[in-house]
Amino acid sequence: MGKKISRTHQAAAWFRELRDSICAAFEAIERDYEGDSKAQPGAFKYREWHRPVSAQFDSGGGVSAVMHGRVFEKVGVNISNVEGEFSPSFLQEIPGAADHPHFWATGISLVAHMRSPLVPAVHMNTRYITTATSWFGGGADITPMFPDSLEAKEDAATFHAALKKTCDDYHPDYYPRFSQCCDDYFYLKHRDEHRGLGGIFYDNLEEDWPTDFAFTQDVGRAFLDVYPRIVRRRMATPWSDHQRQQQLIRRGRYVEFNLLYDRGTRFGLMTGGDVEAILMSLPPEVRWP
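What counts and what doesn't
Residues numbered from 1 in each chain as written. Predicted model: local features only at pLDDT ≥ 70, side-chain atom pairs only at ≥ 80, totals over all residues. Heavy atoms only, no water. Phe/Tyr/Trp six-rings, centres within 6.5 Å; stacked < 30°, edge-to-face > 60°. Helix = DSSP H or I, 4+ residues; strand = E, 2+ residues; numbered from the N terminus. Buried < 20%, exposed > 50% of the residue type's maximum accessible area, 1.4 Å probe, protein only. Lys NZ or Arg CZ within 6 Å of the ring centre and 35° of its normal. Salt bridge = Lys/Arg side-chain N within 4 Å of Asp/Glu carboxyl O. Pairing = 2+ DSSP bridges. Polar contact = N/O pair within 3.5 Å; in protein donor to acceptor, adjacent residues only side chain to side chain. Contact = heavy atoms within 4.5 Å. 1 Å grid on protein atoms, 1.4 Å probe; cavity = no way out; pocket = protein on both sides within 12 Å on 5 of 7 lines; lining within 4 Å. Points joined across faces, edges and corners; volume = space filled by probe spheres on them. Nonpolar A, V, L, I, M, F, W, Y, C, P; charged D, E, K, R; others polar.

Caption draft 1: Representation of the packing of aromatic side chains. This structure, assessed with the given rule, holds 21 aromatic pairs. An angle of 65° between the planes, with centres 6.1 Å apart, marks the rings of Phe-26 and Tyr-227 as edge-to-face. You can see Phe-26 sitting in helix α1 (residues 7–32) and its partner Tyr-227 sitting in helix α4 (residues 209–234), a full 201 residues away along the chain. Here Phe-26 and Tyr-227 have matching classes, each one buried. Seen in terms of ring centroids, Phe-186 and Phe-201 are 6.0 Å apart; in terms of plane orientation they differ by 80°. Their pairing is edge-to-face. On the criterion of sequence distance, the pair formed by Phe-186 in the loop between α3 (174–185) and β7 (187–188) and Phe-201 in strand β9 (residues 199–205) is long-range, its members being 15 residues apart. Classification of Phe-201 by relative accessible area gives buried; the value is 6%. By way of ring pairs, the aromatic residues Tyr-170, Tyr-174, Phe-178, Tyr-202 and Phe-215 are connected into one cluster. Its end group placed over the ring of Tyr-261, Lys-189 keeps NZ or CZ at 4.6 Å from the ring centre. The ring centre of Tyr-254 lies 4.0 Å from the NZ or CZ of Arg-195, which sits over that ring.

Written out as structure tokens, the structure reads:
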């Protein structure tokens, strides 16, 4: 009889499997692209990192996978598996941590910045955290560089339809609730504008572990299906230098959100995560005119 696998290790194994599938799909796009025959297709480079052993940050680490390619100017797909104690200044921000500061967390985080300004940038992450209680969280959102264009609206509709189907398979309330949470969260208060065209965002999902885990897996599968399809239908469309310059300006919004508001960035930095892996979400080139 085989040894029973803990819930935390089941979640970690899934995030690793999803990482492998996403990286393979993105590398296939790089190989299939015919727009730049002189450049070599991109391939992911993997780097392991480990947290220093200390009284506060006990153990764990992760793997950062980053690719610079012909289609993906910069994409990072990170997985992590960490354990430790929350700092006193961070306890009140995490449900259940005030009375139980020990935590265990695992997850996957992805951000893709595309070379073509006509291919939307994207973010996806799902995670599982245990303190006094345990819960799943995550989601995905799409950021076209020209959000008012017909093409951007078509891509957003395709993206939302895939996520809505996943949500509807579990609960009729999930999509409207999680879509609104996404709009509320990915909002730049200082500019009074949304970062992109939304998606879904959920947190503290702890209703039924097998169902919540299955839902989180299906969110990952939906992303793996829909985003490569969007990339493939846009990646060969010609674009201008003016569009490229506008793309670099829009990327500034991504930088502003991640450094000012993003909870994942804050969680990683406050729990002794690898700084390079945490900040892999930042674009390789950006401008503020």
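Moving on from the coordinates now.
Caption draft 2: Quick look at the pattern of salt bridges. Counted according to the given criterion, the structure contains 20 salt bridges. Here Lys-165 ties to Asp-169 by a salt bridge, and the two come within 3.5 Å at their closest N and O atoms. Judged on exposure class, the residue Lys-165 and its partner Asp-169 are both exposed. Between Asp-203 and Arg-263 there is a salt bridge whose closest N-O contact spans 3.5 Å. Highlighted residues: Asp-203 in strand β9 and Arg-263 in helix α6 (residues 263–270), separated in sequence by 60 residues. Connected through shared salt-bridge partners, Glu-73, Arg-244, Arg-251 and Glu-285 make up one network.

Caption draft 3: Fine view of the pairing of strand β5 (residues 121–130). Taken across its ten residues, β5 has nine buried, putting it largely inside the fold. With nine bridges connecting them, strand β4 (residues 102–114) and β5 associate as antiparallel partners. What sits directly across from Thr-106, in β5, is Tyr-128. Strand direction decides the pairing type here: β5 and strand β6 (residues 134–143), joined by ten bridges, are antiparallel. Directly across from Thr-126, in β6, lies its bridge partner Gly-138.

Caption draft 4: Structural detail: the side chain of Thr-106. Considering the arrangement of structural elements, one finds Thr-106 in strand β4. The exposure class assigned to Thr-106 is buried, which follows from its relative accessible area of 4%. Separated by 2.9 Å, the side chain of Thr-106 and the backbone oxygen of Ser-80 make a polar contact. In contact with Thr-106, other than residues within four places in its own chain, are Thr-8, Ala-11, Ala-12, Phe-15, Ser-80, Asn-81, Arg-127 and Tyr-128.

Caption draft 5: Looking closely at unusual backbone geometry. Unusually for a residue other than glycine, Asp-192 sits at a positive phi of about 55°. With relative accessibility at 59%, the residue Asp-192 sits in the exposed group. One non-glycine residue, Asn-204, lies in positive phi territory at about 55°.

Caption draft 6: Main features of the pairing of strand β3 (residues 72–85). Extensive coverage of β3 is indicated by the burial of ten of its 14 residues. Note: strand β2 (residues 59–67) against β3, nine bridges, orientation antiparallel. What sits directly across from Ala-65, in β3, is Val-77. Hairpin connection, β2 to β3: the antiparallel pair is bridged by four residues. When β3 meets β4, the two strands line up antiparallel, connected through 13 bridges. Within β4, the position partnered with Lys-74 by the bridge is His-113.

Caption draft 7: Spotlight on empty space enclosed by the protein. One pass over the full model with this rule turns up one cavity of 30 Å³ or more. Forming the boundary of the largest cavity are Asp-141, Cys-182, Asp-183, Phe-186, His-194, Arg-195, Gly-196, Leu-197 and Gly-198. Residues of the lining of the largest cavity, tallied by class, amount to three nonpolar, three polar and three charged.

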